[in-house]
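Descriptive analysis of the structure
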Amino acid sequence: MIFLRKLVLSFSLLTSCFITHAHAEKADQDKPVILEAEKVSVNDVQQVYELDGQVLLTKGSILITGEKGNIKVDPEGYEYVDVQGNPESTASFRQRREGPANEFMQGRGQTVTYNAKIELLILTGDASLKRLHNMRMLDQLRGWKIDYDDVQQSYKVSPPANAKAEDLPLARAILSPRRKATLEK
């Protein structure tokens, strides 16, 4: 278990290389949420929305898909989104980034959780997260769970709680050199 802790710590340090100065598109904060699904249940009093079947959530440049979803809105108007995939397909997240044109963050996992108040994305279950520029992958993270904090511009890849040393590697990163990526923009 000590080995796994060291692996997670060293991988967290490695992912600091993945940091850029672009943030999520700020215009997304003021956009309406558009929900589509085969079945939608709305509780306006509690501000809770249940979605079932071919879920599609759009808010500005944010696009979240999956098979089941739950959205809660707090009194300040911030959304808390939880979308699950199914055994045949994963849930997905995509958002345009502020700054360089045509740069996106794109991820998938069995579960996609997004907290709009603190701009935290959590991908769980065979998760991957990519930074794309002109639809070309610049950086990629893979692992069981990925936390992406857009405000702090930090990433964390975690193994499952029951992971064993013989299951390694549990996380993987492909990082483009910053200088090369910057020159091509």
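It should be noted that the structure appears before, not after, this text.
My aim in this report is to walk through the structure given alongside it, one point at a time. (Residues numbered from 1 in each chain as written. Predicted model: local features only at pLDDT ≥ 70, side-chain atom pairs only at ≥ 80, totals over all residues. Heavy atoms only, no water.)

As a further point, take the nonpolar core. Judged by nonpolar contacts, the single largest core of 25 residues is most densely connected at Ile64, Tyr114, Leu121 and Leu129. For this core, the secondary-structure elements that each account for two or more residues are strand S3 (48-59), strand S4 (62-73), strand S5 (79-84), strand S6 (91-96), strand S8 (111-115), strand S9 (120-133), strand S10 (136-149) and strand S11 (154-158). Beyond its immediate sequence surroundings of up to four residues, tyrosine 114 is in contact with Ile62, Ile64, Glu79, Tyr80, Val81, Phe93, Gln95, Glu119, Leu120 and Leu121. (Core = buried A, V, L, I, M, F, W, Y, C linked by side-chain atoms within 4.5 Å. Buried < 20%, exposed > 50% of the residue type's maximum accessible area, 1.4 Å probe, protein only. Helix = DSSP H or I, 4+ residues; strand = E, 2+ residues; numbered from the N terminus. Contact = heavy atoms within 4.5 Å.)

Inspection of the secondary structure assignment puts arginine 131 in strand S9. Only 3.3 Å separates the side chain of arginine 131 from the side chain of glutamate 103, close enough to count as a polar contact. (Polar contact = N/O pair within 3.5 Å; in protein donor to acceptor, adjacent residues only side chain to side chain.)

What follows concerns the packing of aromatic side chains. Under the definition given, this model contains two aromatic pairs. Relative to tyrosine 114, the ring of phenylalanine 93 has its centre 5.6 Å away and its plane inclined at 35°; by these criteria the two rings are tilted. Residue phenylalanine 93 is located in strand S6, and its partner tyrosine 114 is located in strand S8; the two are separated by 21 residues in the primary sequence. We note that phenylalanine 93, like tyrosine 114, is buried. Between the aromatic rings of tyrosine 148 and tyrosine 155, the centroid separation amounts to 4.9 Å while the plane-to-plane angle is 15°, which identifies the pairing as stacked. The ring of phenylalanine 104 has arginine 94 sitting right over it, with the charged end atom 3.9 Å from the ring centre. (Phe/Tyr/Trp six-rings, centres within 6.5 Å; stacked < 30°, edge-to-face > 60°. Lys NZ or Arg CZ within 6 Å of the ring centre and 35° of its normal.)

Bringing the pairing of S11 into the picture now. Bridge count for S10 against S11 is five bridges, and the pairing is antiparallel. Among the inter-strand pairings, aspartate 147 is bridged to a residue of S11, identified as lysine 156. Linking S10 back to S11 in an antiparallel pair, the connection comprises four residues, with glutamine 153 at a positive phi of about 55°. (Pairing = 2+ DSSP bridges.)

Considering the arrangement of structural elements, one finds asparagine 115 in strand S8. A distance of 3.2 Å separates the side chain of asparagine 115 from the backbone nitrogen of isoleucine 118, its partner in a polar contact. Excluding residues within four positions of it along the chain, asparagine 115 makes contact with Glu79, Tyr80 and Leu120.

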